[in-house]
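Here is how the chains run, residue by residue.
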Amino acid sequence: NIWVLICLRILQGIGGAMERPNGFALCVTLFPKSKRGFLTSLNTCSGSAGAGLGAALGAALVERIGWRLIFICPVPLVLLLFTVAILALPPAAAAQQQKDS
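Residues numbered from 1 in each chain as written. Predicted model: local features only at pLDDT ≥ 70, side-chain atom pairs only at ≥ 80, totals over all residues. Heavy atoms only, no water.

J.: Honestly, the overall build of the protein chain in this entry has me stumped. Any pointers?
T.: A count of helical and extended segments in the protein chain gives 5 helices and 0 strands. Starting at the N terminus and ending at the C terminus, the protein chain contains elements arranged as α-α-α-α-α. Whereas a compact globule of 101 residues would reach a radius of gyration of roughly 13 Å, the protein chain reaches 17 Å, over 25% beyond that. Residue burial in the protein chain is summarised as follows: out of 101 residues, 11% are buried. Counting only carbon and sulfur atoms, one obtains 74% of the accessible surface of the protein chain, whose full area is about 7700 Å². (Helix = DSSP H or I, 4+ residues; strand = E, 2+ residues; numbered from the N terminus. Rg over C-alpha atoms; globule rule 2.2 N^0.38 Å. Buried < 20%, exposed > 50% of the residue type's maximum accessible area, 1.4 Å probe, protein only. Areas by Shrake-Rupley, 256 points an atom, 1.4 Å probe, with all protein chains shown as cover.)

J.: It is not clear to me how helix 4 (residues 74–88) should be interpreted in this structure. Could you clarify?
T.: For the α-helix, the turn length of 3.6 residues means that residues three or four positions removed from each other point alike. For helix 4, with 15 residues, the first-to-last C-alpha span of 21 Å sits near the 21 Å given by 1.5 Å per residue. Here helix 4 lies mainly on the outside; 0 of its 15 residues are buried. (Expected span 1.5 Å × (residues − 1).)

J.: Help me out: how do you make sense of helix 1 (residues 2–30) in this one?
T.: Between its first and last C-alpha atoms helix 1 spans 41 Å; for 29 residues at 1.5 Å apiece the expected length is 42 Å, and the two agree. The N-cap residue of helix 1 is N1: its side-chain oxygen and the backbone nitrogen of W3 are 3.0 Å apart. (Polar contact = N/O pair within 3.5 Å; in protein donor to acceptor, adjacent residues only side chain to side chain.)

J.: For this particular structure, what's the right way to read the packing of helix 1 against helix 2 (residues 33–64)?
T.: How two helices pack is summed up by the angle between their axes together with the distance between the axes. Packing of helix 1 against helix 2 brings their axes to within 9 Å, and their N-to-C directions diverge by 160°. Put simply, helix 1 runs roughly antiparallel to helix 2. Like other packed secondary-structure pairs, helix 1 and helix 2 cross with a definite hand, here right-handed. Residues E19, R20, G23, F24, C27 and V28 of helix 1 touch helix 2, and the partners they reach there are R36, L39, T40, N43, T44 and G47. (Axes fitted to C-alpha atoms, helices over the stretch in contact; angles between N-to-C directions. Parallel < 35°, antiparallel > 145°, perpendicular 65-115°, else oblique. Left-handed = near helix turned anticlockwise from the far one by under 90°. Contact = heavy atoms within 4.5 Å.)

J.: Even after reading the chapter, I still don't get a nonpolar patch on the surface, so can you show me in this structure?
T.: Taken together, the side chains of I2, W3, V4, I6, L8, I10, L11, I14 and M18 present a nonpolar region at the surface, about 890 Å² in accessible area. The residue M18 is located in helix 1 in this model. (Patch = residues over 30% accessible without salt bridge, like charges linked within 9 Å, V, L, I, M, F, W, Y side chains within 5 Å. Salt bridge = Lys/Arg side-chain N within 4 Å of Asp/Glu carboxyl O.)

Here is the structure:
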């Protein structure tokens with residue numbers, strides 16, 4: 001159904017629009033000044049690479065397998081990155097103490 005496809009793309013766009021500023025806020029809030037430059041540039045580079053590779057990989061997936069995979073494919077990646085974030089990001093209280101010292 002084309003309307004389901006349109007609504008899902010709108011939700012995807014809203015999620016992406018919320019992710020970008022939150023990534024920068026995490027860099028500033030959780031890490032000391034000495035690491036912020038590296039982390040914000042890493043955040044920017046990963047977003048740019050994702051935008052470039054996403055279009056090319058998405059087109060290849062649609063061409064070879066079908067458009068439905070576009071909505072299924074990101075799920076394992078999001079779960080993996082969510083797990084990595086939980087394990088790698090410091091708790092807010094510890095980050096604030098490290099930032100203050």
